[in-house]
Structures are given as C-alpha cells and as structure tokens.
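Each chain, letter by letter, is given below.
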Amino acid sequence: MAAAEVRVTLPDGSEKRLPVGATGADLAQAIGPGLAKAAVAARVDGQVWDLTRRLPDGVTVAILTERDRQALDVLRHSSAHVLATAVRQLFPHAKIGFGPPIEDGFYYDFEVPTPFTPEDLERIEAKMHEVVRADYPFVREEVDRAEAKRRFADDPLKLERIEDLGPNEVISVYTDGPFVDLCRGPHVASTGKIKHFKLLHAAGAYWRGDERRQMLQRIYGTAWFTKDDLEAYLRRLEEAKKRDHRLLGRQLDLFSIQEDVGPGLIFWHPKGAMMQFQLRRFIEDVILERGYQLVYTPNLTREELFLRSGHLPLYAANQFPPMAAGEGEGEGVHYRVKPMNCPMHILIYAAQQRSYRDLPIRLAEIANVYRNERSGTLHGMLRVRGLTMDDAHIFLREDQIEQEIFQLLDIVELVLGKTFGLSYRLDLATRPEKKLGTDATWDQAERALEQALKHRGATYRIDQGGGAFYGPKIDVKFNDAIGREWQGATIQLDFEQPERFQLEYAGEDNRPHRPVMIHRAIYGTLERFCGFLIEHFAGAFPLWLAPEQVRVLPISDAQIPAARAVQQQIAAAGLRAHVDERNETLNYKIRDGETHKVPYMAVVGQREADAGTVAVRVRGAGQKQVVLPVAQFVARLSEELQTRALVPAIR
RNA sequence: GCUGACGUAGCUCAACUGGUAGAGCAGCUGAUUUGUAAUCAGCAGGUUAAGGGUUCGAGUCCCUUCGUCAGCUCCA
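Overview of the structure. (Residues numbered from 1 in each chain as written. Chains lettered and ligands numbered in written order. Predicted model: local features only at pLDDT ≥ 70, side-chain atom pairs only at ≥ 80, totals over all residues. Heavy atoms only, no water.)

**With respect to the pairing of strand S8 (residues 105–111)**
At step 1: The buried count for S8 comes to six of seven residues, which makes it a mostly enclosed element.
At step 2: Two strands pair when backbone bridges link them, and strand S7 (residues 101–102) and S8 are joined in this way by two bridges, in the antiparallel orientation. The partner of Ile102 across the bridge, within S8, is Gly105.
At step 3: The hairpin turn running from S7 into S8, its antiparallel successor, is two residues long. (Buried < 20%, exposed > 50% of the residue type's maximum accessible area, 1.4 Å probe, protein only. Helix = DSSP H or I, 4+ residues; strand = E, 2+ residues; numbered from the N terminus. Pairing = 2+ DSSP bridges.)

Here it is in structure tokens:
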C-alpha cells in the first residue's frame, strides 16, 4: 500500500520502496549488508544527511561511504564534536564557538580563561579516546527558537548564533553522550566511528574572524577513516617541514633575513641571487618575444601621485608612512616608497600622445616595491615587505582585452604549466568591499574577464569579493609536489586608474578615447615564487635553476689539474661548475655535494684523468654512476640546460 | 596589529629548585692522499636578542623593546 511506503531514487536511476519512517541506514541495509557497514552518511537530494534521519517520499538518495570526500567532512565534523565533548568534561566552564571540518581536519573554538597548553592537548586527546570508546550515538533533534535559547542559556556564543539564524531556518541540536551542541549536522552514527585522529596544535582565533571581537582558543586536529590515511597525512606534515624554505634557504645558503635590517626584507645570497637571475632572464625573454617593453622607474615618489591613483584612501595601511623632503624643499613636500608600479607606468604612458595603432602598450618592470605588511603576517620569503614583482602594465583598447587575456593565459601556461610542470586553476576574483569606481565599471570589468575566460574555454571559480581595489582579477593557483596550493600569478583588469589619470589615445575617428589597463604578474613576486620553488623541489632544483650545477671532485690532489681542466670545459659551455679542491676524502665530498643538492658531481680519479672521462654521479641516484667522455657529458648537460628540463639528462 | 609560545657559538641543541656558559656539526691549522653519503688530531669561536630591574650572585626571576614560530586577520 502506497501510504505505508516511501519511494526513493538511487544514483543509478533505480527506485527503491521502503516502509514509511525508513532511514538512510535502513536504505543501505536494504541495498546490502556490505554497504550498510560502510555507510557514513546519506546524500538526500544533494544535501548530506545523517543516516538516522527518516527519508521523505520521492527523494534521490546516495549512500556515502569512506570513499566520498563529503563523508570525510562528516567524520571530521563529528570529530570536532568529540573534541568539544572532551574539552567540556575537562573544562566544564569552556564556552563553545564553532567546530567545522577544514581542508585536512577540523577545529573547534572555545572561550576559556587561559590558553590551552600542549599538556592540555594531550589530556584532551586522551579524553577524546574515552569518548570514542563510550560509542555515544549522535542524536539529532529539531527544536524551536525558545527551546534552543533555553538549552544554550549558558553559552553566549551559541545564543548569538541562534539570534543570527533566519526565521525559517530549522534549528537542530545534536547530542553525543554528555555533550549537546547547536549544529546543522550531519554526523556519523556514533562517536565510536571516529578512530583515527590526532590533535595538532592550539592557537588564538577571533570570534567569527573579527579582530574587534574577543579571541577564542582554537584547537586544530585531523581525522581520517583509516590508520594508513592518518599516518600518510602526518608523514606529509613531516615532509612539508623538511621542505620548509626557511630551513633549506639557510642550508643551501640561498637567502637570509637580518634582524638588524628588519623583518620581511630579503637578502639574496649569491646562490639565491643566481636563481633569481635565471628566473628574471627567462621571463624577460618570454615577454620581450611577445611585444613587451622593459622600463625602470623610481622607488620613491611625491605622495600626491598615490593620492591621484587612489592608493592613499584605500591602500595607505599597506604603505610605509610618508617621509619629508630634504632641506631646501617646501615644508609640505612628502615622499612615499612605492607599493605598486602602476602609477609609474601610467606616467610613462601619459608622457606622450598615443595612437590606437600603438596599443596594446606593454610596459614591464621587475622592480622592488615595499608594502608595510602587518608584522604577524610575515613569513620567510613567502610574505615579505620588500617585494620584487615581475610586474607589467598593459594599456589597451576595450576590444583588445580578450585577445590580451588569451596571450596572458598562454604565458601562464608556458611558464607555470610547461616549464615548471605545474597544474593550476583559475579564480575570477570580483569586487571587494573597499573599492574605487562605480558599480557600472565593475560590472563591465568583471564581465570582460568572465567573457574572456568563457571564450577561452577555461574552467574557473568565482572568488567573491577577492578583487583588487581598482579592479577584478584572475588569480592563478597552482599545486606543489606535495599537493599544497599556492598563488602567484595574477591578471587584473583596471578601468579606474586610466580614468583617474585621464589617459587617452587618439582613435581611428581622430577623437580621444580612454584606454583600459591590465596589471599582471606571472611569478607574482620573485620572493614568493622562489620560496615556492624551494619547497616544491625540496631544494633539488632543475639544472637551469640550480645555483651550482656541477661539482668536479678530484679523488686526490694529484687529479686537481685534470679536474680544473674538466671544470673549464664545463664552464665554456655556459654551465656553473666548480672544483672541490678541499683536502678531504671522496666520501666526504660526495656527501657534501649531495647535501647541497648539486645536480651533478663529476668524479675525476686517475683512470678518468688518463682517459679524458668523468665518473658522473647524478643527484639523488645513489651509487649508480656513468662514466662518460668529458665532451659527451658537457653536451648532454647543455641540452638539459637549453630545454630547461625538469628531469636529468643522465640517469 | 591581536593571542600564545619562544630567543644560548655560523647551524642544531645542553646547562638541577638562581651559584664561574658546554657539546656535535660547520670554520681555521696540521697530519693523511683518499674510488661514490662524514679520516684523525689540535685550535678558535658567546656582553646568553637588546635595555632596565630584583639579588651577595641572573642564561635562569620581573618589566620594556626587538625578533622568531603557530594561528587569527591580511595577501604577491
């Protein structure tokens, strides 16, 4: 009888009849015992539900198992509740904030009088294991607003949350054993499902991310379905630690930050500077072939320039304060260090009359700019105050925007995709709250970028409110060798500054027209990109970037002259090589070369000296060695260098 | 900027409840002349981040400043 049944559709399109009141768990059981065992949650008409909720008639249901990413989020969300359960037992007066799943785990925010110590975390984790062993079911209840307020009368943060819920929202409450939380859900069936987790660290976090509100104490943890996954994740954290560019930067003598000079200011040591030089040279070649022109502009300017550009009202917090002019100049004259190059390049554009025939005009400058980043945000080379941008500003007609975006995406593909072998994705970042210009120009600019992306056939995501203050942008996000996401390249469209500077070009109609501007960077900044490269390659750079490409190792002093001759042949081919003439054993020199991640070591013993060969040791390849005539060795390396190969030519 | 933790030799780390700063690696010197991831010995190296305070006595306790780290926020 139909009234006693509900009908649900499965993902394969088939239909299943269940008794009224059947839950997701019942459905899984009806499909098969294996699925019932593996089931974590149900996706009901696209929404993830607890397995214990009753299925309405006519819905489409998919049973989520450990293989579904959404199931992992459910597990982590439940883990956050287990964390809160444990914290409430150990700290009964802790007020509870939010506890969502995140990228690789979960967190929960608590308001407590004193921050959690590492010892607290150990105790909390132990208590969590007790909660798991107790295997409390997660019980969902729907309550009305008055009831919700009554239940959370002692939790001001939750009360605030309840106030913010819309009038028609269903208020649900989940209970696991002793712990009750206001929560949308869903959850796993019981706390016993959570087995493989670990608390990672605690840190302060503002309530609702607002720095004017009180600071809560956030505990981060990670949780996985299997022990292997958990261990793999913890290994990944270890791996990330080993790749830390601050550590490798010191070990490989690439860069330093000097307390005497100030935070966020990078000293590029000779080896790091060589990398920067190679990166610069590469990108300059690429853009010069594509119609760009190099310019150099001052680091300082009268601050009126930034008033005119619109920086001062909206960007002053990120700029260093003004400095007075020298003696003899007017009292009121103040200078600023530049945080961006755009106004400078605009002045070059405006320095002469421009014709529609000249456009696009592409002005590029790899220049230092300085931004007064908040001290707490600074981080090695990845977030600095002195930035070397591979910057360019393109002045063009509106009808040229699309073509130019295509060219820029081509450059991104050439540099990030082809040369560095990175996979990346595109974000379209739209107008932020603090912005210049009218909604009409923003509409126009956002539409232009979106059109270009669509016509290109590119896939992209929308980053709502992520744009620059003067215009929307396409941000390029790429992944490194261990799966982390980075941002560098950016393409920004700007209708605003041409307006503010009254830029013009003479059109075909012999009348003045306003050009559009594109701001773009491919590496982003050389600091961040270099920091990324260090972590991505774990310091083992491809040959073309490696500061030291070949180390020639004489086995004893007797082979030093032969080794020097080899070094000269290598250097003559444009490769960076040096001879390790130190009075040490071969083993020592090899260990030193490996720890410094030199791509090739060329061992010269008496046999090689006599035969005109080298015994080549490839970085990381262990004892395996290839004996080659010097000329052949040099030829193979030259090829590897020219092609900017990512894998060694000799293996 | 905010919250918390931290700051000892170039690097990694020691130094009991306050009692004269110590080791390994790196560096220098010498011996050794080495065949694929550390040869041996000796020497040198520090106003314990800076400044102030408490104390007979401070690396250790207190205050201020600077910096670093984990986050929040922000972002190339």
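**Description of the protein's contact with RNA strand B**
At step 1: Near RNA strand B there are 54 residues, and of these Arg383, Asn583, Arg591, Glu608 and Gln625 occur at the shortest range.
At step 2: A breakdown of the atoms of RNA strand B within 4 Å of the protein gives sugar and phosphate a share of 51%.
At step 3: Within the contact set of RNA strand B, a base nitrogen lies 2.8 Å away from a side-chain nitrogen or oxygen of Tyr206.
At step 4: Taking Val384, its main chain carries an N or O atom lying 3.1 Å from a base nitrogen of RNA strand B.
At step 5: Listed by contribution, the elements that provide at least two residues to the surface near RNA strand B are strand S12 (196–206), strand S13 (215–224), helix H8 (245–251), strand S25 (485–494), strand S28 (516–525), helix H18 (586–595), helix H19 (606–611) and strand S32 (613–618).
At step 6: Here the surface near RNA strand B takes six residues from H18, the largest share from any one element.
At step 7: Within the surface near RNA strand B, the residues separate by chemical class into 15 nonpolar, 20 polar and 19 charged. (Near = heavy atom within 4 Å. Polar contact = N/O pair within 3.5 Å; in protein donor to acceptor, adjacent residues only side chain to side chain. Nonpolar A, V, L, I, M, F, W, Y, C, P; charged D, E, K, R; others polar.)

**Some details on the environment of Thr65**
At step 1: Here Thr65 shows up in strand S5 (residues 61–65).
At step 2: Thr65 gets classed as buried once you look at its relative accessible area, which sits at 11%.
At step 3: Measuring from C-alpha to C-alpha, the distance between Thr65 and Asp12 comes to 16 Å, with 53 residues separating the pair along the chain.

**Considering the sheet that holds S5**
At step 1: Taken together, three strands build an open sheet; the order of strands is S4-S3-S5 and the sheet is antiparallel. At either end of the open sheet lies a strand with only one pairing partner, and these are strand S4 (47–49) and S5. Geometrically, the sheet is characterised by an average inter-axis angle of 35 degrees between neighbouring strands, direction not taken into account.
At step 2: Note that strand S3 (residues 39–44) and S4 share three bridges and pair antiparallel. (Axes fitted to C-alpha atoms, helices over the stretch in contact; angles between N-to-C directions.)

**Brief notes about the sheet that holds strand S31 (residues 600–604)**
At step 1: Ordered by their spatial adjacency, five strands build an open sheet running S30-S29-S31-S32-S33, and the pairing between neighbours is mixed. One side of each edge strand has no neighbouring strand; the edge strands of this open sheet are strand S30 (577–579) and strand S33 (625–629). Strand-to-strand, the axes of this sheet are offset by a mean angle of 25 degrees, without reference to chain direction.
At step 2: Both S32 and S33 contribute to a ladder of five bridges, which runs antiparallel. Note that in S33 the partner of Val614 across the bridge is Leu628.
At step 3: Packed onto the sheet, helix H17 (residues 560–572) meets strand S29 (550–554), S30, S31 and S32 and runs at close to 165 degrees relative to S29.
At step 4: Strand contacts of H18: S29, S31 and S32, with the helix running at about 175 degrees to S29, the strand carrying the most contacts. (Contact = heavy atoms within 4.5 Å.)

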